[in-house]
Every structure is written in structure tokens, then in C-alpha cells.
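This is what each chain is made of:
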Amino acid sequence: MDVKTAFLNGDLEEEIYMDQPERYVVQGQEKKVCQLVKSLYGLKQAPKQRHEKFDSTLLSKGFAINECDKCVYMKGNSNSFVMICLYVDDMFIIGSSPSIILETKNMLKQCFDMTDLGKLSYFLGISVTRSAVTMFLCQRKYAEEIVYRAKIANCKIMPTPVDSKSKLSANDGAPISDPTLYRSLAGALQYLTFIRPDIAYDVQQECLFMHDPRESHFSALKRIIRYVKGTLDFGLHLYTSAPTKLLAYTDVDWAGCPNTRRSTSGYCMFLGNNLVSWSAKRQSTLSRSSAEAEYRGVANVVSKSCWLRNLLLELHCLIQKATLVYCDNVSAIYLSGNPVQHQRTKHIEMDIHFVREKVARGQVRVCHVPSRYQIADIFTKGLSSVLFEVFRDSLSVQNRPL
């Protein structure tokens, strides 16, 4: 559903005045101004007032705001519930039955001027194709626009989005003539990573050089787009699966940045059989050993799993089993369970205590996985085409179903 003229619904608490609009000036009172009662487009507080209006309306109708995600509203229990997910003025409604969804839609129409867009098929540039047992998310139209803006529509496609042999350096090559185009394309690719985790690492690397892009960076960026051109119909598959387990893979490329020697962390998290969260990010501090870098990566994914477990709890979906975190670094696994402190671990003591506490409570188990099965490698480094395709399939990033 879509809220018409959403920002005009907000009630103003402050006294705000504006000049009389052109061609609507009252004759004889040209020097007078209008006092606003409702918000207008262009007011700095208009988004805040609109959101508060929506909040108060739903709260008065018995909905509760999710504490983990303030844009999710829920009413009911695990047997009979309705959920509203809001993004600015667009929303979609999830319910346990068609009747409760219809009741919610009618309630919203009475409170706001709404447009009913029917069953979820297109939301925020993401097309949704559903069957009885699967859901397929794709951004083909958006990806085509990126290829067109890059002016390489007739280019040769690439099997992988990044070269596995080299690392990009900040001062590699001459500055490009049009940095605005580079920033525009890199920013556009960031939104594409919302359902394309296979390019998350490559786009993250390109965004590190937005302040001063060079020719080598632009060439690498074009390689990503050439890969996207060959996989326009690829998207994220979601399957019918009981959400009884939560597992994650985490990996780190220690000191991989040639300029800062910071490490790149990556993880992916599965709820049942479905990929629900992933990340590729450069660590904020230097790590003096691979074990330290890997342990920081473990702490990061454990923190994310805690947030996700709390979110699912508020959605009446309790995960009773411990979250399994797979890591290929044996030292990091030992640190998560060994209560003995070492001199070399004092500077990461907070991360150690945080993870150990979750392990001791039975909420997390840190397990070893051989490097050849470490799916999170796709978020930390360039891979060969064979290994890249294997890990991409493991993430359920595949072609559109027939």
C-alpha cells in the first residue's frame, strides 16, 4: 500500500508561518502570512511529524512498535497476527489470514488516503515472484539502468565481478576525468547489493575510493557492471522453511588493505534455509594477528545474531537452539571458549568477554569449518570462477525460476 501525500498528514507542534502562495494572495492583506496547522513538503520536520502521526495512529489501534526495528508494527499473537512494515510512505502488510489483512487495510484507509497496490509484486525497486513454496527477489530493471548509465551496454560479460589476483590501491593509476560518474555508479551498485550478496565485497572495495577514484578503480568498477550485465536475471531465492535454527559463516581477510593494512570482515547468516543477513566491511582498527582479526569478525556476527534473535522473539518466533557460528580460524575458536587470559589478547578483551558470555549462556556455538567450505570467503576476497559459482549457489543467488 502507498500513502498519498504522506508528508501532509503530520500535525505541527511549533508555530510556523509562511508567505502566502503566489496567485493565492488575499487582496488587501498582502502583508499577512499563513500559520501552518499541518506539515508541508519542504519543512525540515515534515518526515518526523509524519512518522509520529503514523505511530500514534497505529498505537491507538492496538499495534505495538517493534523495539529492534522501529519501522515494524505488529498486532496479535503467534496464532493470529498482522504486521506492517513501513518505509517512508510505502508499506506492505503480512498477516496470518486474508481476513485480518483486509481488516487492517480498511482501518488504514479510514485513517489515511491510501492506494491499495494489491499483492506484493514490486517494492522499492525489487520485484517479487512467488509460488507455493518459494519467493524470488530480483532487481533486473534497476540493474539494466546501471548498465545503461555506465554506457557499456554492448560490452563483453565477465564470469566473476572481481579479479582474484590483485588488490586495489588508493594511489594506483591516474585520477579519472569524471569522478561524479564513478560515485554515481558505485552508489547505485550499493543498492543492488540488497538482494545480490555475490557483489557485496566488490562494491564495498570500490566505495573505499569514492573520494579520489583512479583509472584502475574505474576499470574494476566496470568489471562489476559487466558481471551484472551477464546476470541480470539473477536474484535471491527464499524457500519455505521452518525458522528453528540460525547459523552464520564468518571470515576475515587479515591486513588485506594495501594502504591501511586493515582487515576486511565478511559474514552471511541463514535462518533455516534462507539467507537473511550478510556484510562485507573493512574493520575500523588494525589487527596484529590473524587470530585477532578473525575474533573481531566472530564478535561482529555474534552481535548481529543477538539482534536478529531479539527481532524474531518480538515477531513471536523464538529460536531455542544456539546460533552456530562457523569460522575457519582455530585460534579464534579456542579463544571463544577458553577462560584463560593471555597477554596478547588484552586489547580485544571486550570482544572476548562478549562472545564468551554468549557461549556460556548457550546462545552461541563457535565451530570450525574447513576453508574450502567457508561460504563467507565470497565477502572478503576475489575467488576463482569455479569457487565463486559454488559459493554463489550456496547463498541462493541464482537465475530466475522458469
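Just above, that's the structure.
The model shown is predicted, which means the values in this text are computed figures rather than measured ones. (Residues numbered from 1 in each chain as written. Predicted model: local features only at pLDDT ≥ 70, side-chain atom pairs only at ≥ 80, totals over all residues. Heavy atoms only, no water.)

A. Fine view of the overall build of the protein. Along the protein, the regular secondary structure elements total 10 helices and 18 strands. Referenced to the eigenvectors of the C-alpha coordinate spread, the extents of the protein come out at roughly 80 × 55 × 50 Å. A total of 402 residues make up the protein; the buried ones form 45% of that total. Counting only contacts in the protein whose residues sit at least 6 apart along the sequence, the fraction spanning at least 24 positions is 68%. In the structure as shown, the protein presents an accessible area of about 21,300 Å², 54% of it carried by carbon and sulfur atoms. (Helix = DSSP H or I, 4+ residues; strand = E, 2+ residues; numbered from the N terminus. Buried < 20%, exposed > 50% of the residue type's maximum accessible area, 1.4 Å probe, protein only. Contact = heavy atoms within 4.5 Å. Areas by Shrake-Rupley, 256 points an atom, 1.4 Å probe, with all protein chains shown as cover.)

B. Summary view of the pattern of salt bridges. By the definition in use, this model includes 17 salt bridges. Across the salt bridge formed by aspartate 198 and arginine 196, the nearest N and O atoms sit 3.0 Å from each other. Of the two residues, aspartate 198 and arginine 196, neither departs from the other in class, the shared state being buried. For aspartate 377, the salt bridge goes to lysine 381, with nearest N and O atoms at 3.1 Å. By relative accessible area, lysine 381 is classed as partly exposed at 25%. Through salt bridges that share partners, Arg140, Glu144, Asp233 and Arg400 make up one connected network. (Salt bridge = Lys/Arg side-chain N within 4 Å of Asp/Glu carboxyl O.)

C. Region of the structure containing the sheet that holds strand E9 (residues 122-123). With respect to topology, five strands assemble into an open sheet ordered E9-E10-E11-E12-E18, the strand pairing being antiparallel. The sheet is open, and its two borders are formed by E9 and strand E18 (397-399), each paired with just one other strand. (Pairing = 2+ DSSP bridges.)

D. Quick look at helix H1 (residues 46-60). Over its 15 residues, H1 runs 21 Å from end to end, which matches the ideal 21 Å to within 8%, given 1.5 Å per residue. Those residues of H1 that sit buried are Ala46, Gln49, Arg50, Phe54, Asp55, Thr57 and Leu58. Elements that come into contact with the buried residues of H1 comprise strand E4 (64-65), strand E5 (72-76), strand E6 (81-87), strand E7 (90-95) and helix H2 (98-111). Two residues or fewer after H1 comes glycine 62, characterised by a positive phi angle close to 95 degrees. (Expected span 1.5 Å × (residues − 1).)

E. Inspection of the sheet that holds strand E15 (residues 274-282) at higher detail. Overall, mixed pairing links the five strands, which are arranged E15-E14-E13-E16-E17 in an open sheet. A strand with exactly one partner marks an edge of an open sheet, and here the two such strands are E15 and strand E17 (364-368). Each strand axis lies, on average, 20 degrees off the axis of its neighbour in the sheet, ignoring direction. Relative to E17, strand E16 (residues 323-327) runs parallel, the two being bridged by five bridges. (Axes fitted to C-alpha atoms, helices over the stretch in contact; angles between N-to-C directions.)

F. Representation of the pairing of strand E13 (residues 246-253). In terms of burial, E13 is a largely internal element, eight of the eight residues being buried. Neither face of E13 is left uncovered, since the one carrying Leu246, Ala248, Thr250 and Val252 and the one carrying Leu247, Tyr249, Asp251 and Asp253 both have all their residues buried. Of the pairings in the sheet, the one linking E13 to strand E14 (residues 264-271) comprises eight bridges and is antiparallel in character. Bridge pairing links tyrosine 249 to cysteine 268 in E14. Pairing analysis gives three bridges linking E13 to E16, with the strands arranged parallel.

G. Molecular detail of the side chain of threonine 264. With respect to the helices, strands and loops of the structure, threonine 264 is situated in strand E14. For threonine 264, the contacting residues outside a window of four places in its chain are Tyr201, Gln204, Gln205, Asp251, Val252, Asp253, Lys281, Arg282, Phe379 and Thr380.

H. Representation of the packing of helix H5 (residues 200-207) against helix H6 (residues 215-230) in the model. At a closest axis distance of 10 Å, the pairing of H5 and H6 adopts a crossing angle of 155 degrees. Between H5 and H6, the interaxial angle falls into the category roughly antiparallel. As for the relative orientation of H5 and H6, their crossing is left-handed in sense. The residues of H6 that touch H5, namely those facing Asp202, Val203 and Glu206, are His217, Ala220, Leu221 and Ile224. Across the contact of H5 with H6, the residue classes break down as four nonpolar, one polar and two charged. (Parallel < 35°, antiparallel > 145°, perpendicular 65-115°, else oblique. Left-handed = near helix turned anticlockwise from the far one by under 90°. Nonpolar A, V, L, I, M, F, W, Y, C, P; charged D, E, K, R; others polar.)

I. Main features of the packing of aromatic side chains. Under the criterion given, the structure shown has 10 aromatic pairs. With a centroid separation of 4.8 Å and 55 degrees between ring planes, the pair formed by tyrosine 191 and phenylalanine 194 is classed as tilted. Three or more aromatic residues link up through ring pairs in this structure, and these residues are Phe54, Tyr73 and Phe112. We note lysine 304 situated over the ring of tryptophan 307; from NZ or CZ to the ring centre the distance is 4.6 Å. (Phe/Tyr/Trp six-rings, centres within 6.5 Å; stacked < 30°, edge-to-face > 60°. Lys NZ or Arg CZ within 6 Å of the ring centre and 35° of its normal.)

J. Focus on a nonpolar patch on the surface. Among the surface-exposed residues, Leu8, Leu40 and Tyr41 lie close enough to one another that they form a single nonpolar patch of about 260 Å² accessible area. With respect to the helices and strands, the residue leucine 8 is situated in the loop between strand E1 (2-3) and strand E2 (17-19). (Patch = residues over 30% accessible without salt bridge, like charges linked within 9 Å, V, L, I, M, F, W, Y side chains within 5 Å.)

K. Structural detail: the nonpolar core. Of all hydrophobic cores here, the largest spans 53 residues; its most connected members are Leu189, Val228, Cys268, Phe379 and Leu395. Take this core: its biggest share by element is seven residues, from H6. Those residues in contact with leucine 189, other than ones at most four positions away along the chain, are Ile146, Ile199, Val203, Leu221, Ile224, Ile225 and Val228. Core analysis: the next-biggest nonpolar cluster, separate from the first, contains 26 residues, Tyr295, Val302, Leu335 and Val366 among them. (Core = buried A, V, L, I, M, F, W, Y, C linked by side-chain atoms within 4.5 Å.)

L. Main features of the state of the cysteines. Summed over the entire model, instances satisfying the criterion amount to zero disulfides. With no disulfide partner, cysteine 68 has as its closest neighbouring cysteine sulfur the one in cysteine 306, 11 Å distant. A relative accessible area of 21% places cysteine 68 in the partly exposed class. (Disulfide = S-S within 2.5 Å.)

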